[in-house]
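Here's the letter readout for the chains.
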Amino acid sequence: MALNIENIVAELENATILELSELVKAIEEKFDVTAAAPVAAAAGAGDAAAAKDSSDVELTSAGDKKVAVIKEVRGITGLGLKEAKELVDGAPTMIKEGLSESEANEVKEKLEAAGASITLK
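Let me begin by describing the structure that accompanies this report. Here the structure is a predicted model, which means the values were calculated and not measured.

**Regarding the sheet that holds strand S3 (residues 117–120)**
Spatial strand order, S2-S1-S3: three strands in an open sheet with antiparallel pairing. Of all strands in the sheet, those bounded by a partner on one side alone are strand S2 (93–100) and S3. Each adjacent strand pair in this sheet contributes to an overall mean axis angle of 25 degrees, direction not counted. Relative to S3, strand S1 (residues 54–61) runs antiparallel, the two being bridged by four bridges. Looking across to S3, one finds that Val-57 is bridged to Leu-120. Relative to the sheet, helix H6 (residues 101–114) contacts S1, S2 and S3, its axis offset from that of S2 by approximately 145 degrees.

**Let's talk about the packing of helix H4 (residues 66–77) against helix H5 (residues 81–89)**
Across the interface, H4 lies against H5 with an axial gap of 9 Å and an inter-helix angle of 120 degrees. It follows that H4 is oblique to H5 by the angle criterion. Crossing geometry of H4 relative to H5 is assigned as right-handed. Contact residues: H4 offers Lys-66, Val-69, Ile-70, Val-73 and Arg-74, while H5 offers Leu-81, Ala-84, Lys-85, Leu-87, Val-88 and Asp-89. When the residues that make up the contact of H4 with H5 are grouped by side-chain class, the tally is seven nonpolar, no polar and four charged.

**Topic: the pattern of salt bridges**
Opposite charge on two side chains permits pairing when their charged atoms draw close. Across all of its chains, the model carries five salt bridges by this definition. Linking Glu-58 and Lys-121 is a salt bridge whose minimum nitrogen-to-oxygen distance equals 3.3 Å. Linking Glu-58 in strand S1 with Lys-121 in the segment after S3, this pair joins segments that are 63 residues apart in sequence. The exposed category is assigned to Lys-121, whose relative accessible area is 51%. Between Glu-106 and Lys-110 there is a salt bridge; the shortest N-O distance is 3.7 Å. Taken together, the positions of Glu-106 and Lys-110, both in helix H6 and four residues apart, correspond to about one turn of that helix. Taken together, the salt bridges that share partners define one network made up of Lys-66, Lys-85 and Asp-89.

Parameters at a glance
Residues numbered from 1 in each chain as written. Predicted model: local features only at pLDDT ≥ 70, side-chain atom pairs only at ≥ 80, totals over all residues. Heavy atoms only, no water. Pairing = 2+ DSSP bridges. Helix = DSSP H or I, 4+ residues; strand = E, 2+ residues; numbered from the N terminus. Axes fitted to C-alpha atoms, helices over the stretch in contact; angles between N-to-C directions. Contact = heavy atoms within 4.5 Å. Parallel < 35°, antiparallel > 145°, perpendicular 65-115°, else oblique. Left-handed = near helix turned anticlockwise from the far one by under 90°. Nonpolar A, V, L, I, M, F, W, Y, C, P; charged D, E, K, R; others polar. Salt bridge = Lys/Arg side-chain N within 4 Å of Asp/Glu carboxyl O. Buried < 20%, exposed > 50% of the residue type's maximum accessible area, 1.4 Å probe, protein only.

Right, here's the structure in full:
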């Protein structure tokens, strides 16, 4: 008897989470295996991939136009004047973390236009 993979995949697509959970338990019992280790490894791999896909924006220096940089930091972070000034005065410091590459580049461009030195990590 040959398996029809397309039919199995179609059935799984339409299954509820509860049904899929019951299926996993049944397979584990029937074949004396566990799905826990591969799932954990897959989750770890997904976290690593997500970490590589995100960027952090670090303010390395406010430059000559400190006031303009503070204004831009306020706009980007939503911080108040005092908090934004402390952040800029504390350079090098992280401005935003976990951004997509395009968002990080956009933030970098804004801050550099204001006169800051920025590093993407």
